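Structure at a glance
The chain contents come next:
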Amino acid sequence: MFGPQMLIIAPRKVVQTQNIPQCNICLVSSGPRTLIFTHAPLAGHSLLFLSLSPSTRRISFPVSAVMATDSNTASVQALVELTHTSQMQAEKKTDDGKYDADAIAREIANGVDIEDGQPNPFVFLLTILVSFSGFLFGYDTGYVSGALVAIGTDLGREITSSDKEFITSATSLGALLGSIIAGTLADVLGRKWVTIGANTLFVVGAALQTGAHTVWTMIGGRFIMGWGVGIASLIAPLYISELAPSRFRGRLVILNVLAITGGQVIAYAIGASLQSLQHGWRLLVGLGIIPAVAQMIMFIYMPETPRYLVRRGQIEKARHVVRWIYSSRNGEVDEEVVVKKVKLLEIYNNDQHPEWSGYNRFKYALKQLYFVPGHFRALIVACGLQGIQQLCGFNSLMYFSATIFQVVGFNKPTAVSLIVAGTNMAFTILAFLLIDIVGRRRILLCTVWGMSAALVLNAVAFHFLPPTATQSDPWAIVILIAMMLYVAFYAAGIGNVPWQQSELFPIGVRGLGTSMATATNWGGNLIIGSTFLTMMDRITPSGTFGFYAGLCLFGEVFVYFFYPETSYLTLEDIQGVLKDGFNVKRSHQMSQEAKIKHRASTRGVVSFDSKV
């Protein structure tokens, strides 16, 4: 676009380009501020840099369309149109209808954001601590698979398929009920203290199961634990998304999902090692108390999220947390940008009715969620993704994988289940590495169809599997491979992305909205857990997995038409995306611009040398 020349755009007029040897920049001078264009190819775009004298901060936007008519002139108006996040208003024009470069420089300067800095490394450590909730979620999912084949007559009698479905679905029912109230509790009591309460339920539920001697005591313990699982499954990603810098948000939320898969792997591994030990399943269940107690104690000293503090009117505490999140390794942070960030949070997160009771808040949030179009679109997207995640049948593998492999003919079904859980964890790590680079939407579009294909292969393999098959039968190997492929596609996409749900809702309905979405997840989980073995008996394994494959295809269509891209966008930007439609195309453009802006801001400072 630019040759070896400099283009100067002075305030209120456009000046012809000037050749400068070996230079590839142009300047827009406006008082103490200088806008710097440079043709620095990055992902096929030129970039706009901003230098604020005497500091070195800058921002960037794609300016591939900055040349308005020919190679020698550039239009300020074209620049303004391209920089759509600046939202230029009529006051940015001069009397003759032209755009004022001074106003443009000020508007873009205001875009210098604390998000462009590096967060405090302790943010990542705090995320790991919060992810203990995810670990407990995964550990519960994982240990029940091995426990169901190891309990034997320890509960007073041999457990039946119906007993297994009741034991499994009790946690799902408790989680469904817990998730319904978790959002409202988080808005009233705070994210931090609700997490501590969830840990208490974990401990009580695990203790009851460890000492259970009847089926119904076991079911009761899992029901109580389910309440903790449901509450924690909502609060952990909510807490992380409200605390995390925007460009790290996807990866930090996935750390919680990675903890879920890690909990499953560890549960399967311990279950396999204790399979031959008498009453070993009791030890397997009891070990889950340790991380719950550890998180409960450490969380007492953890901060609340700045958005929640602003919502409660605790502005100074919010500034302290923002200052802590964005401080560099040496503890330094620009106080001006801290104040600016908190003021922005006040605009979007301020409580307009602090005098209202909890009931009035709930009633108002419910009305806002369902009757404000942008909020309802967010609810459709969040609930749709959570429904797809569960109704695709994945947790049938997590809950009953050992039972499935026992039917297929494997001698050590729990050990084989560990292979599936290991695949889940490995591809969750892949999702962690890619989600903010590739984007949430693109990852889903590239993986959901693969889940459907793997399930079809699984259905075909079950159709040809002999009734007396052993682990050496070729179709048994095909089933194992098909399940691993299915889990790989699941973990890389739909297993992670729906838990980004908090980013879709504004603060006023975020608690209730995420409650509805999480309840959708656990409602689907309950349906799968309570019907899977029955479906296997009534419509055969082939019919069951073929049915799940059809639901996955529906999920692919849903993502294509309704799920906007949110990577690199702030929580406040996402509100604007859903305000007047699902805006899939516009969200992709905004995400790309934000990504280019961030990449440019991390490539060093534009310097002025003697040639300029």
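Residues numbered from 1 in each chain as written. Predicted model: local features only at pLDDT ≥ 70, side-chain atom pairs only at ≥ 80, totals over all residues. Heavy atoms only, no water.

1. Things to note about the overall build of the protein
Check the secondary structure of the protein and you find 23 helices and five strands. Relative to its 612 residues, the protein shows a buried fraction of 56%. Considering only intrachain contacts with a sequence separation of at least 6, the fraction spanning at least 24 residues in the protein is 74%. For the protein, the exposed area adds up to about 24,500 Å²; of that, 63% sits on carbon and sulfur atoms. (Helix = DSSP H or I, 4+ residues; strand = E, 2+ residues; numbered from the N terminus. Buried < 20%, exposed > 50% of the residue type's maximum accessible area, 1.4 Å probe, protein only. Contact = heavy atoms within 4.5 Å. Areas by Shrake-Rupley, 256 points an atom, 1.4 Å probe, with all protein chains shown as cover.)

2. Here we look at the side chain of T195
Secondary-structure assignment places T195 in helix α6 (residues 191–210). Under the relative-accessibility criterion, T195 is labelled buried at 6%. Not counting residues within four places of it along the chain, the set of residues in contact with T195 comprises S133, I235, Q295 and F299.

3. Re the packing of helix α3 (residues 122–130) against helix α7 (residues 215–243)
Between α3 and α7, whose axes approach to 10 Å, the crossing angle comes to 170 degrees. With respect to α7, the element α3 is oriented roughly antiparallel. Contacts from L126, T127 and V130 in α3 reach A236, Y239, I240 and L243 in α7. Across the contact of α3 with α7, the residue classes break down as six nonpolar, one polar and no charged. (Axes fitted to C-alpha atoms, helices over the stretch in contact; angles between N-to-C directions. Parallel < 35°, antiparallel > 145°, perpendicular 65-115°, else oblique. Nonpolar A, V, L, I, M, F, W, Y, C, P; charged D, E, K, R; others polar.)

4. Quick notes on the packing of α7 against helix α20 (residues 507–538)
As a packed pair, α7 and α20 sit with axes 10 Å apart at the nearest point and diverge in direction by 135 degrees. Classified by the angle their axes make, α7 and α20 are oblique. Where α7 crosses over α20, the handedness of that crossing is right-handed. Of the residues in α20, those touching α7 at V229, G230, S233, L234, L238 and E242 are I507, R510, G511, T514, S515, T518 and W522. Residue classes in the contact of α7 with α20 are distributed as five nonpolar, six polar and two charged. (Left-handed = near helix turned anticlockwise from the far one by under 90°.)

5. Comments concerning the pattern of salt bridges
Per the stated rule, a full pass over the model turns up 11 salt bridges. We note a salt bridge from R510 to E242, for which the minimum N-O separation is 3.0 Å. Linking R510 in helix α20 with E242 in helix α7, this pair joins segments that are 268 residues apart in sequence. The same class applies to R510 as to E242, namely buried. Here E316 and R319 are joined by a salt bridge, their closest N and O atoms 3.6 Å apart. Here E316 and its partner R319 are both found in helix α12 (residues 315–326), three residues apart, which amounts to about one turn of the helix. If you follow the salt bridges from partner to partner, you end up with R249, R251, D436, R440 and E503 in one network. (Salt bridge = Lys/Arg side-chain N within 4 Å of Asp/Glu carboxyl O.)

6. Describing the confidence of the model for the protein
Summing up the model confidence of the protein, the mean pLDDT is 75 and the portion of residues at 70 or higher is 73%. At the level of individual helices and strands, the protein shows its lowest average pLDDT in strand β1 (residues 5–7), which scores 32, and its highest in helix α15 (residues 373–391), which scores 94. Contacts for the low-pLDDT stretch residues 1–112, under 50 throughout, to residues beyond four places or in other chains number 232 contacts. Throughout residues 604–612 the model reports pLDDT below 50, and contacts reaching past four residues in sequence, or to other chains, amount to 16 contacts. (pLDDT = per-residue confidence, 0-100.)

7. Topic: the packing of aromatic side chains
Tallied over the full model, the rule gives 19 aromatic pairs. With centroids separated by 5.2 Å and ring planes inclined at 20 degrees, the aromatic side chains of F464 and W475 adopt a geometry described as stacked. Separated by 11 residues along the polypeptide, F464 in helix α18 (residues 440–464) and W475 in helix α19 (residues 474–492) bring together distant segments of the chain. Taking relative accessible area as the criterion, W475 reaches 30% and is therefore assigned partly exposed. A connected cluster of aromatic rings, assembled from ring pairs, spans F462, F532, F545, F547 and Y548. The ring of Y560 carries R441 above its face, with NZ or CZ at 5.6 Å from the centroid. (Phe/Tyr/Trp six-rings, centres within 6.5 Å; stacked < 30°, edge-to-face > 60°. Lys NZ or Arg CZ within 6 Å of the ring centre and 35° of its normal.)

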